[in-house]
Amino acid sequence: GTESKHRRLGGHLKTRSTELGSAVTGSPLTAVLPASTTGKTSIVLSSETRRELVKQAKVTKEERRAQIDERHKYLISRLADGLGLSEQQVEEAIISDDKFQLTEQFFAPSGLKKLLFFYQDVLQQKSNASLRSDESTNSLLQKKLFITMGSTENFTGTCAFFLRTSDKVITASNVSQEVNFGIFDCTNGDILQGLEFFLSQIMIPALKSQQNWGAVKEGLKNSQIQDFLYSVDKFVGTLSSSRQNIDDKIQLTRVDIDTYISNLQNPTDYITAG
């Protein structure tokens, strides 16, 4: 009837929207209708629809590739060196990312203060898998580089970050001076160990070798600078102790309490046992 026709049309429009979003982001092409009284329904895309989505995704990527300038190339070069990837791999990951616009927001005057990339295992669909939502066996873990705000995805691998040092617009000529790059390695999701390594092996040696401390002319001889470095050293020591305590966490064993409470008959017995 009319109601059934509208339901089919609404489902079709929603499916098209889902398909287009997947094509732009480079995620697996899966379309799922809401569960009905007869159970979950999955849709297999037609060959024509798949070709159209691939075409649209290719156009989007090429438009983004055309936007790549010396600023992007600087980021790409740092990421490739730091993560052990080729510049071609990094560029492809960036232009395929649904958060590509964050790079422009990072370059803008008074823009984003940080730009984060995660490089870690992500559940992805096998290339030869059919496009059905109910075939979970066709997924596997693969290393993926992607842009993130750092608040929605679990961090289990390596974080590469860019930090701005001012509110200036980032240009091709100043990007190397105004943007700092670093890597935070938390392989297997061990964030405490990653932070300890980052501070003890990278940040503290860099701070202790720094000659220019801005308005503080005495540099490392200044008592406030010495107090600051002492505090950082102390924090790393505390962090290391905390991590070791967690690693050597208390192991609880199962105890059969029946033998302890079987002879307790009245409140006085419970008080005495306590």
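Residues numbered from 1 in each chain as written. Predicted model: local features only at pLDDT ≥ 70, side-chain atom pairs only at ≥ 80, totals over all residues. Heavy atoms only, no water.

Taking an unreviewed UniProt entry as the reference, the protein chain is identified by name as DYH5 protein belonging to Geococcyx californianus.

**Regarding unusual backbone geometry**
One non-glycine residue, S110, lies in positive phi territory at about 55 degrees. Topologically, S110 is positioned in the loop between α5 (101–107) and β3 (114–125). S110 gets classed as exposed once you look at its relative accessible area, which sits at 54%. In the Ramachandran plot, N188 falls in the positive-phi region, its phi being about 65 degrees despite a non-glycine side chain. Take N188: it is sitting in the loop between β6 (179–185) and α7 (191–208). Overall, the relative accessible area of 74% leaves N188 in the exposed class. (Helix = DSSP H or I, 4+ residues; strand = E, 2+ residues; numbered from the N terminus. Buried < 20%, exposed > 50% of the residue type's maximum accessible area, 1.4 Å probe, protein only.)

**Topic: the confidence of the model for the protein chain**
The predicted model of the protein chain has a mean per-residue pLDDT of 80, with 75% of residues at 70 or higher. Ignoring residues within four places in sequence, the model shows residues 2–41, a span with pLDDT below 50, making 44 contacts including any to other chains. Low pLDDT (under 50) marks residues 129–137, which in the prediction has 18 contacts with non-local residues, meaning those over four places away or in another chain. (pLDDT = per-residue confidence, 0-100. Contact = heavy atoms within 4.5 Å.)

**Some points on the packing of helix α2 (residues 47–67) against helix α4 (residues 87–95)**
It is the contact of α2 with α4, at a shortest axis distance of 9 Å, that shows an interaxial angle of 115 degrees. Like other packed secondary-structure pairs, α2 and α4 cross with a definite hand, here right-handed. Between α2, through K61, R64 and R65, and α4, the contact on the second element is made entirely by E91, E92 and I95. For the contact of α2 with α4, a count of residues per class yields 1 nonpolar, no polar and 5 charged. (Axes fitted to C-alpha atoms, helices over the stretch in contact; angles between N-to-C directions. Left-handed = near helix turned anticlockwise from the far one by under 90°. Nonpolar A, V, L, I, M, F, W, Y, C, P; charged D, E, K, R; others polar.)

**Some details on the side chain of E178**
With respect to the element layout, E178 can be found in helix α6 (residues 175–178). A distance of 2.7 Å separates polar atoms of two side chains, one belonging to E178 and the other to S166. Filtering out sequence-adjacent residues up to four positions away, E178 remains in contact with L163, R164, T165, S166, K168 and I170. (Polar contact = N/O pair within 3.5 Å; in protein donor to acceptor, adjacent residues only side chain to side chain.)

**What about the environment of I76?**
With respect to the helices, strands and loops of the structure, I76 is situated in helix α3 (residues 70–83). In this structure I76 touches E87, V90, E91 and I94, once residues within four positions along its chain are discounted.

**Side note on the state of the cysteines**
Defined simply, a disulfide is a covalent bond joining two cysteines at their sulfur atoms. One pass over the full model with this rule turns up 0 disulfides. Free cysteine C186: the closest other cysteine sulfur is in C159, separated by 8.1 Å. (Disulfide = S-S within 2.5 Å.)

**Comments concerning the pattern of salt bridges**
Scanning the model with the defined rule gives 13 salt bridges in all. With its nearest N and O atoms 2.5 Å apart, the salt bridge here joins E92 to K61. A residue pair is termed long-range when its members are at least 10 positions apart, and E92 in helix α4 and K61 in helix α2 qualify at 31 residues. Residue class for K61 comes out partly exposed when judged on its relative accessible area of 22%. D81 is the salt-bridge partner of R78, the closest N and O atoms lying 3.4 Å from each other. Of this pair, R78 and D81 both sit in helix α3, 3 residues apart, roughly one helical turn. Classification of R78 by relative accessible area gives partly exposed; the value is 24%. Connected through shared salt-bridge partners, K61, E62, R65, E91 and E92 make up one network. (Salt bridge = Lys/Arg side-chain N within 4 Å of Asp/Glu carboxyl O.)

**So, the nonpolar core**
Of all hydrophobic cores here, the largest spans 26 residues; its most connected members are L79, V90, I94, L115, F117, L145 and F162. When contributions to this core are tallied by element, the ones reaching two or more residues are α3, α4, α5, β3, β4 (139–148) and β5 (158–164). Among the elements that make up this core, the one with the highest residue count is α3 (6 residues). Excluding anything up to four places from it in sequence, L145 contacts L83, L85, V90, A93, F117, F118 and Y119. In this structure, C159, F161, F184 and L199 belong to the second largest nonpolar core, which totals 13 residues. (Core = buried A, V, L, I, M, F, W, Y, C linked by side-chain atoms within 4.5 Å.)

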